[in-house]
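Inside the fold
Okay, here's what each chain looks like letter by letter:
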Amino acid sequence: MKNTLNTEFPGIGDAQFHIRLTEGQISPYVLLPGEPERVELVKKQWKNAVDLEFNREFRSAKGTYDGMDIACVSTGIGTTSAEICLHELKNIGAHTTVRIGTTGAISERFQPGDLIIPVAAIRADGTSDCYVDKAFPAVADRMVVNALCEACERLGYRYGTGIMYSPSSLYIGQGRKISENGFWPSRSEHLIEDLRQARVTNIDTDSAGHFVVGYLHEMRSASILAVITNRITGEWATDKTGEDCACRAACEAMKILKEWDEHPAKYSIR
């Protein structure tokens, strides 16, 4: 049966309903920090930074990085709001996004302040299940991953790649008890141990959804995540140095991608 439902949101001129941005207003290369406050960390890397809109969790800005036009929109926590942001950014011409987030490491390879560039994620985010079968993989765009790694090399930042876990829960879904006498399902008891057995490197709530939704919107999507804690050692970051580095590396990666886009490899199929 044909879908006859009205799928449109109320008109607000030419702007997208949630992010409030219009076509041509921002660069097609867009950084996606989670928390709105992290937009300030991104803007520190730019010249000519200009604040744009701030509606709900979606705070946007634009500027230039080493002569390149670049943009930033915060997505909030989780993939429900990230899906909205990605969809509306696609509507106004965005084609490349990098999530800038924080993460908890569950591998001894990483310590607070390090950067993790996931190549893929285990899907437990919920949002991507609304799009495709659970067997569909959540994989970061190869070119964006390569650019992020190259950026970290150029900047001299400690980084690594890995396969991560993206649940839509911060507490039970990440192996944290609500309270000592509270709800605690048996499957959560060994969650972290089972993930470590599978050589999973870290956990965040967003990246799997970014990868799937971005891919299905024909966008290039990847993540760079600052380690703020190691769940195994119990160490926590004492400042935002890792987040600052993630913001700088994401900007540098976008510059690299733009260079590659303007001078594509001879035999590369796009």
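Treat the numbers as computed from the prediction; the structure is a model and nothing was measured. Numbers given for residues are sequential positions, taken from 1 along each chain in its written order. Totals for whole chains, interfaces and linings use every residue, but because this is a predicted model, local features are given only for residues with pLDDT of at least 70 and side-chain atom pairs only at 80 or more, for both listing and counting. Here the side-chain values reflect all heavy atoms present in the structure, with hydrogen atoms and water set aside.

A word on the environment of Phe110. Elements are defined by DSSP. Helices are runs of H or I of four residues or more, strands are runs of E of two residues or more, and each kind is numbered from the N terminus. Along the chain, the position of Phe110 falls in the loop between strand S5 (96-105) and strand S6 (115-124). The spacing of Phe110 and Val227 is 117 residues in sequence and 7.5 Å in space, taken between C-alpha atoms. Whether two residues are in contact is decided by their heavy atoms, any of which lying within 4.5 Å being enough. Apart from residues lying up to four places away in sequence, Phe110 is in contact with Ala105, Leu115, Ile116, Tyr159, Gly160, Thr161, Thr201, Val227 and Asn230.

So, about the pattern of salt bridges. Any carboxyl oxygen of Asp or Glu that lies within 4 Å of a side-chain nitrogen of Lys or Arg is treated as forming a salt bridge with it. This structure, assessed with the given rule, holds 20 salt bridges. Put simply, Arg38 and Glu243 hold a salt bridge, and the shortest N to O gap is 3.0 Å. Pair noted here: Arg38 is in helix H1 (residues 38-43) and Glu243 is in helix H7 (residues 241-262), with a separation of 205 residues, a long-range link. Each member of the pair, Arg38 together with Glu243, is buried. Between Glu150 and Arg154 there is a salt bridge, with its nearest N and O atoms 3.1 Å apart. Separated by 4 residues within a single helix, Glu150 and Arg154 lie in helix H3 (residues 142-155), roughly one turn from each other. Relative accessible area decides the class of each residue, using a 1.4 Å probe on protein chains only: under 20% of the type maximum gives buried, over 50% gives exposed, and in between gives partly exposed. Given the relative accessible area of 43%, Arg154 is considered partly exposed.

With that settled, the discussion passes to the pairing of strand S2 (residues 47-55). By definition, two strands form a pair when at least two bridges between them are found by DSSP. Of the pairings in the sheet, the one linking S2 to strand S3 (residues 58-65) comprises 5 bridges and is antiparallel in character. Within the sheet, the bridge partner assigned to Val50 lies in S3 and is Lys62.

Bringing the packing of helix H2 (residues 79-91) against helix H6 (residues 207-216) into the picture now. Throughout, an axis means a line fitted to C-alpha atoms (over the contacting stretch in the case of helices), and angles, computed between N-to-C directions, take values from 0 to 180 degrees. Where H2 contacts H6, the two axes come as close as 10 Å, and the packing angle between them is 30°. By the angle class used here, H2 and H6 are roughly parallel. The handedness of the crossing between H2 and H6 is right-handed. For the pair H2 and H6, the contacting residues are Thr79, Ala82, Glu83 and Leu86 in the first and Gly209, His210, Val213 and Gly214 in the second. An angle counts as roughly parallel when it lies under 35 degrees, as roughly antiparallel when it exceeds 145, as roughly perpendicular when it falls between 65 and 115, and as oblique in every other case. In a left-handed crossing the near helix is turned counterclockwise from the far helix by less than a right angle, and in a right-handed crossing that turn is clockwise.

What follows deals with H6. By the criterion of burial, H6 is predominantly enclosed, with 8 of the 10 residues buried. Directly after H6, the chain includes Glu218, whose backbone phi takes a positive value near 60°.

For Phe, Tyr and Trp, where Trp contributes only its six-membered ring, two rings pair if their centres lie within 6.5 Å, and the inter-plane angle classes them as stacked under 30 degrees, edge-to-face over 60, or tilted in between. A full pass over the atoms with the stated rule returns 1 aromatic pair. Between Phe136 and Tyr215 the ring centres are 6.1 Å apart and the planes differ by 50°, which places this aromatic pair in the tilted class. In this pair, Phe136 is assigned in the loop between S6 and strand S7 (138-139) and Tyr215 in helix H6, connecting sequence segments 79 residues apart. A residue is classified by how much of its surface remains accessible, and Tyr215, at 56% relative accessible area, is exposed. For a lysine, the NZ atom is tested; for an arginine, the CZ atom; a charge sits over a ring if that atom is within 6 Å of the ring centre and within 35 degrees of the ring normal. Here Arg20 stacks its cationic end above the ring of Phe17, 5.7 Å away from the centre of that ring.

Looking now at the environment of Gly104. Looking at the secondary structure, you find Gly104 in strand S5. On a C-alpha basis, the gap between Gly104 and Asp194 in space is 16 Å, while along the polypeptide they are 90 residues apart. The contact partners of Gly104, leaving out residues within four places of it in the chain, are Asn202, Ile203 and Thr229.

When you tally the buried positions in S5, you get 9 out of 10 residues, the bulk of the element. Bridge count between strand S1 (residues 29-33) and S5: 5 bridges; the pairing is parallel. Opposite Val30, over in S5, you have Thr97 as the bridge partner. Bridging between S5 and strand S10 (residues 220-230) involves 10 bridges; their strand directions are parallel. When the sheet's bridge partners are listed, Thr103 is paired in S10 with Val227. Looking at chain direction, S5 and strand S9 (residues 202-203) are connected through 2 bridges and run antiparallel. Each bridged residue has a counterpart across the sheet, and for Ala105 the counterpart in S9 is Asn202.

The next point concerns the nonpolar core. Membership of the largest hydrophobic core comes to 45 residues, with the highest contact counts inside it found for Leu31, Trp46 and Ile224. With 10 residues, H7 is the largest single contributor of residues to this core. In this structure Ile224 touches Val98, Arg99, Ile100, Gly101, Leu115, Ile116, Ile117, Leu148, Cys152, Ala246, Ala249 and Ala250, once residues within four positions along its chain are discounted. Ranked by size, the runner-up nonpolar core spans 15 residues in total, among them Ile19, Val30, Ala71 and Ala94. Only buried residues count toward a nonpolar core, which is a set of Ala, Val, Leu, Ile, Met, Phe, Trp, Tyr and Cys residues joined through side-chain atoms within 4.5 Å.

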